[in-house]
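Survey of secondary and tertiary structure
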Amino acid sequence: MKWAEIITVRARGNHSKILVPTTRKLLNDLINEVGRDCVRIYNREGLETDIYIVLFHNGEKKSSGGSPLGLRLVNAFQEFGLVHHTVWIEMDHK
């Protein structure tokens, strides 16, 4: 089963100035941990306060609410502002 986690972060106040540099470092750390094909991070065009993280998984989902990595990221980004975390399961196209 293929599934993905979407984590959206909207920084507030002074946190927006450090969100992008912090996220760039995080991206490098994530690539080292899970591989380049398993993670994508996007910055909203024209709005550096919004970050969109996608974690791709291939295998059985072991618990509701996301992966340990996804939950760690949610916890880490909560200090920046609003965080929204959802889990998506790939639909069978048969």
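Rules of the game
- Residues numbered from 1 in each chain as written.
- Predicted model: local features only at pLDDT ≥ 70, side-chain atom pairs only at ≥ 80, totals over all residues.
- Heavy atoms only, no water.
- Helix = DSSP H or I, 4+ residues; strand = E, 2+ residues; numbered from the N terminus.
- Contact = heavy atoms within 4.5 Å.
- Phe/Tyr/Trp six-rings, centres within 6.5 Å; stacked < 30°, edge-to-face > 60°.
- Buried < 20%, exposed > 50% of the residue type's maximum accessible area, 1.4 Å probe, protein only.
- Expected span 1.5 Å × (residues − 1).
- Pairing = 2+ DSSP bridges.
- Axes fitted to C-alpha atoms, helices over the stretch in contact; angles between N-to-C directions.

Within the secondary structure layout, Val74 lies in helix α2 (residues 68-77). Measuring from C-alpha to C-alpha, the distance between Val74 and Glu45 comes to 22 Å, with 29 residues separating the pair along the chain. Discounting chain neighbours no more than four positions away, the residues touching Val74 are Ile7, Val83 and His85.

Next up on the list: the packing of aromatic side chains. Remark: the centre distance and the inter-plane angle together describe each pair of aromatic rings, the angle taken between the planes. Under the definition given, this model contains 2 aromatic pairs. Where Phe77 meets Phe80, the ring centres are 5.7 Å apart and the plane angle is 45°; that geometry is what we call tilted.

On to the environment of Arg10. Among the secondary structure elements, Arg10 is positioned in strand β1 (residues 2-11). Assessed through its relative accessible area of 40%, Arg10 is described here as partly exposed. In the structure, Arg10 is positioned 74 residues away from His84 in sequence and 8.8 Å away in space, judged by C-alpha atoms. With sequence-adjacent residues up to four places away left out, Arg10 is seen in contact with Arg44, Leu47, Thr49, Asp50, Phe80, Gly81 and Leu82.

This next bit is on helix α1 (residues 16-34). Residue pairs three or four apart in sequence face the same way in an α-helix, which turns once every 3.6 residues. Helix length check: α1, at 19 residues, gives a terminal C-alpha distance of 26 Å against a target of 27 Å (1.5 Å per residue), a fit within 8%. Taken as a whole, α1 has its buried residues at Ser16, Leu19, Val20, Thr23, Leu26, Leu30 and Ile31. Where α1 is buried, its residues meet β1, β2 (39-43), β3 (50-58) and α2. Positive phi appears at Gly35, one or two residues downstream of α1, with a value of about 100°.

Moving on: the sheet that holds strand β4 (residues 81-89). Read across the open sheet, the 4 strands follow the order β2-β3-β1-β4; overall the sheet is antiparallel. The open sheet terminates on both sides in strands that have one partner only, identified here as β2 and β4. Strand after strand, the sheet turns through a mean of 15° between neighbouring axes, direction not considered. Inspection of the sheet shows β1 paired to β4 by 9 bridges, in the antiparallel sense. Along β4, the bridge assignment pairs Trp3 with Ile89. Of the strands in this sheet, β1, β2 and β3 are in contact with α1, which crosses β2 at around 165°. Of the strands in this sheet, β1, β3 and β4 are in contact with α2, which crosses β4 at around 165°.

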